Amino acid sequence: MTRRSARNVDTGLPMKSAGEFLKFYATHGASPSTIATTAKAIIAERRQPHLRCRRRSIQPLLSLDLFLHLMKREQPDFATLYTNHVAAAMHRYWAAAYPDDPDGTVMPAQWCRQFEDEILYAMDCLDLMLGRLMKFARRNDTKLVVCSSMGQAAHKSEETTGFVTIVDLNQFMGRMGLSPTDWTERHAMVPCVSVTVDPEKADEFEARLRSISCNGQPMVFDKREIEPISYDRTGDSFHLFVYFERYAGALTAEVAGEPTAFESLGWGFHEHQDNI
């Protein structure tokens, strides 16, 4: 379910996986507060579908339940709990929370009204988490250290409906000359893609990557994600970045000098669910 909601929230419910999780969750830390918050959020999104975005803030509450259960049971010397939900809300909805910020993106008034509370909602969920962690620390003679990796600020951009990226990884890897047994997908944040490749095929794969160009832009090798197309390599692991924002060119790229349709290359349009 998490992978299916990597960029946009997928409200579909795989019944078998959900059933297995609920059975596990019931005996591994399920808390009344998380159950109540989750139920309230689901009811709210049924009435106002755009509030499905709050599932990003609900997930860490479920993680916290499991974390505290394991803390009590295992009593480790050191443990970490990570959440990215506040950053996710700030990345998307800063313009709604601070529409008058002179350095921010100007979004339609209706959009701002819809999402104006989402950063506060994410912070409220974080507050719940911190409260429970502090309570646990006091009761169990445990030190609690809270770390943040960075701050956030307004970013000047424009409303957008989506971007061109890799939408069919199997198709893309096949076009790069690899069979399904030659590579394995790893976790990465959309639109990035991470794969490990059979060491005997890695150099050949990299050569094919270097042969890609689109709309006059060649594939670039760099440790950073460089728009619109770039990659990084560490051993037999590759980090791919394909991101064409507001693309208006022909739906073809070149691979080894040959025109290749986006569809044949596994590229396509990826929607921005909330137009940001």
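All of the points below concern the structure found in this document. (Residues numbered from 1 in each chain as written. Predicted model: local features only at pLDDT ≥ 70, side-chain atom pairs only at ≥ 80, totals over all residues. Heavy atoms only, no water.)

### Thoughts on the packing of aromatic side chains
A complete count under the given rule lists 13 aromatic pairs for this structure. Between tryptophan 111 and phenylalanine 115 the ring centres are 5.3 Å apart and the planes differ by 50°, which places this aromatic pair in the tilted class. Of this pair, tryptophan 111 and phenylalanine 115 both sit in helix α5 (residues 109–115), four residues apart, which is roughly one turn of the helix. With respect to class, tryptophan 111 is no different from phenylalanine 115; both count as buried. Here the aromatic residues Phe244, Tyr247, Phe262 and Trp267 are joined through ring pairs into a cluster of three or more. Over the aromatic face of tyrosine 121 sits the side chain of arginine 54, whose NZ or CZ is 4.3 Å from the ring centroid. (Phe/Tyr/Trp six-rings, centres within 6.5 Å; stacked < 30°, edge-to-face > 60°. Helix = DSSP H or I, 4+ residues; strand = E, 2+ residues; numbered from the N terminus. Buried < 20%, exposed > 50% of the residue type's maximum accessible area, 1.4 Å probe, protein only. Lys NZ or Arg CZ within 6 Å of the ring centre and 35° of its normal.)

### Focus: the side chain of aspartate 274
As for its position among the elements, aspartate 274 is in the segment after β12 (267–271). As a buried residue without a salt bridge, aspartate 274 has its nearest oppositely charged side chain in arginine 52, at a separation of 4.2 Å. Setting aside residues up to four positions removed in sequence, aspartate 274 forms contacts with Arg52, Cys53, Tyr93, Trp111 and Phe115. (Lys, Arg positive; Asp, Glu negative; His and termini not counted. Salt bridge = Lys/Arg side-chain N within 4 Å of Asp/Glu carboxyl O. Contact = heavy atoms within 4.5 Å.)

### Looking at a nonpolar patch on the surface
The grouping of Phe21, Leu22 and Phe24 at the surface amounts to a nonpolar patch, some 280 Å² of accessible area in total. Mapping phenylalanine 24 onto the fold places it in helix α1 (residues 15–26). (Patch = residues over 30% accessible without salt bridge, like charges linked within 9 Å, V, L, I, M, F, W, Y side chains within 5 Å. Areas by Shrake-Rupley, 256 points an atom, 1.4 Å probe, with all protein chains shown as cover.)

### Some points on the packing of helix α4 (residues 85–97) against helix α6 (residues 118–139)
The interhelical angle for the contact between α4 and α6, taken along N-to-C directions, is 150°, at an axis separation of 7 Å. As the angle between them shows, α4 and α6 are arranged roughly antiparallel. Counted together, His85, Val86, Ala89, Met90, Tyr93, Trp94 and Ala97 of α4 and Glu118, Ile119, Ala122, Met123, Cys125, Leu126 and Met129 of α6 form the full contact between these two elements. When the residues that make up the contact of α4 with α6 are grouped by side-chain class, the tally is twelve nonpolar, one polar and one charged. (Axes fitted to C-alpha atoms, helices over the stretch in contact; angles between N-to-C directions. Parallel < 35°, antiparallel > 145°, perpendicular 65-115°, else oblique. Nonpolar A, V, L, I, M, F, W, Y, C, P; charged D, E, K, R; others polar.)

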